Amino acid sequence: TPPLSQARRHAHHHHRRAPPPFWLRAPRPELTLEGAPELPEAGLSLGSTGEGVRRLQQNLVALGFLQVRRRFWRSGQFGVYNHKTRDAVELYQAAHGVQCVMRGVYCSDTRTSLISKMESMRGAPPPNPAGGGGEEEGGGGAPRG
């Protein structure tokens, strides 16, 4: 009979291609940088709830500062500025040198920093709500006349 180590190696060889864990298997559209919503107004902190917190959490997840399982999006924690969210904000502040009066509070400096971070990650210029002059340039479709 072959030695045990050989048999074990054979078994390992058979199972080398394990499927990814369940929370990585399905696409997560809400986690893409493009799909992340606009950042909320500043002033959120531990205990805040609502739509603004949800938008903040989605951005923190998209940037990789908040790790959540798929079921988080359907749970009562989505939209609650809990300790995990505060820790993610603190982590972001530490990583980007953002100084707030209180660490872990989503202050205006944190918001400004997050907005520019999201824009640089997306590789897009900041959105221009006035829409000034995007149409003229690069529209060389049909020749005139």
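Residue indices begin from 1 for each chain and proceed along its sequence in written order. Where totals are concerned, whole chains, interfaces and linings use all residues; where local detail is concerned, this predicted model gives features only for residues with pLDDT of at least 70, and gives and counts side-chain atom pairs only at 80 or more. With hydrogens and water excluded, all non-hydrogen atoms of the structure serve as input to the side-chain values.

Colleague: Looking at this structure, I do not really get the packing of aromatic side chains. What am I missing?
Modeller: Any pair of aromatic rings gets described here by the distance separating the centres and the angle formed by the planes. Only the six-membered ring of Trp is used, alongside the rings of Phe and Tyr, when aromatic pairs are assigned; centres must lie within 6.5 Å, and planes under 30 degrees apart are stacked while those over 60 apart are edge-to-face, with the rest tilted. Tallied over the entire structure, the rule returns four aromatic pairs. Between the aromatic rings of F65 and Y92, the centroid separation amounts to 5.2 Å while the plane-to-plane angle is 75 degrees, which identifies the pairing as edge-to-face. One end of the pair, F65, is in the loop between α3 (51-63) and α4 (83-96); the other, Y92, is in helix α4, and 27 residues separate them in sequence. In this structure, F65 and Y92 share a single accessibility class: buried. Seen in terms of ring centroids, W73 and F78 are 4.9 Å apart; in terms of plane orientation they differ by 85 degrees. Their pairing is edge-to-face. Under the relative-accessibility criterion, W73 is labelled buried at 12%. The buried label applies to any residue whose accessible area, calculated with a 1.4 Å probe on protein chains only, is under 20% of its type's maximum; exposed applies above 50%, and partly exposed to all values in between. For F78, a relative accessible area of 17% translates into the label buried. Taken together through their ring pairs, the aromatic side chains of F72, W73 and F78 make up a single cluster. Sitting over a ring, as applied to charges here, requires NZ of Lys or CZ of Arg to be within 6 Å of the ring centre and within 35 degrees of the ring normal. Residue placement shows R54 over the ring face of F78; its charged tip is 6.0 Å from the ring centre. A run of H or I in DSSP becomes a helix once it reaches four residues, and a run of E becomes a strand once it reaches two; helices and strands are each numbered from the N terminus.

Colleague: Looking at this structure, I do not really get the pattern of salt bridges. What am I missing?
Modeller: Where charged atoms of side chains with opposite charge meet at close range, the side chains can pair. By definition, a salt bridge exists where a carboxyl oxygen of Asp or Glu is found within 4 Å of a side-chain nitrogen of Lys or Arg. Considering all chains together, one arrives at five salt bridges under this definition. For R54, the salt bridge is made with E51, and the minimal N-O distance between the two is 3.2 Å. Of this pair, R54 and E51 both sit in helix α3, separated by three residues, roughly a single helical turn. With a closest N to O distance of 3.7 Å, R86 and D87 form a salt bridge. Members of the salt-bridge network, linked through shared partners, are R86, D87, E90 and R103.

Colleague: Quick question: what am I supposed to make of the state of the cysteines here?
Modeller: Disulfides are covalent bonds that connect the sulfur atoms of two cysteines. The disulfide definition used here is simple: a pair of cysteine sulfur atoms within 2.5 Å. Across all of its chains, the model carries one disulfide by this definition. Disulfide pairing is shown between C100 and C107; the S-S distance is 1.7 Å. One quick way to see it: the torsion about the S-S bond of C100 and C107 is about -50 degrees, and its sign makes the bridge left-handed. Both residues of the pair, C100 and C107, count as buried.

Colleague: Teacher, can you tell me more about α3 here?
Modeller: Structural remark: α-helix, 3.6 residues per turn; residues separated by three or four positions point the same way. The end-to-end C-alpha separation of α3 is 19 Å, in line with the 18 Å expected for 13 residues at 1.5 Å each. With 10 of 13 residues buried, α3 lies mostly within the body of the structure. Among the residues of α3, those classed as buried are G52, V53, L56, Q57, Q58, N59, L60, V61, A62 and L63. It only takes one pair of heavy atoms within 4.5 Å for two residues to be counted as in contact. Turning to α3, the residues buried within the fold contact α4 and α5 (108-122). Directly beyond the C-terminal end of α3, a positive phi value near 90 degrees is found at G64. Expected helix span is taken as 1.5 Å per residue step, with the number of steps being one fewer than the number of residues.

Colleague: In this structure, what is going on with the nonpolar core? I would like to understand it.
Modeller: Soluble globular proteins tend to bury their nonpolar side chains together. Ranked by size, the top nonpolar core spans 26 residues in total, and within it L56, L60, L63, Y81, Y106, L114 and M118 carry the most contacts. For this core, the secondary-structure elements that each account for two or more residues are α3, α4 and α5. Looking at this core, the element that brings in the most residues is α3, giving six residues. Aside from chain neighbours lying at most four places away, what touches L56 is L39, P40, L44, Y81, V89, Y106 and L114. We define the nonpolar core as a collection of buried residues of types Ala, Val, Leu, Ile, Met, Phe, Trp, Tyr and Cys that are connected through side-chain atoms lying within 4.5 Å of one another.

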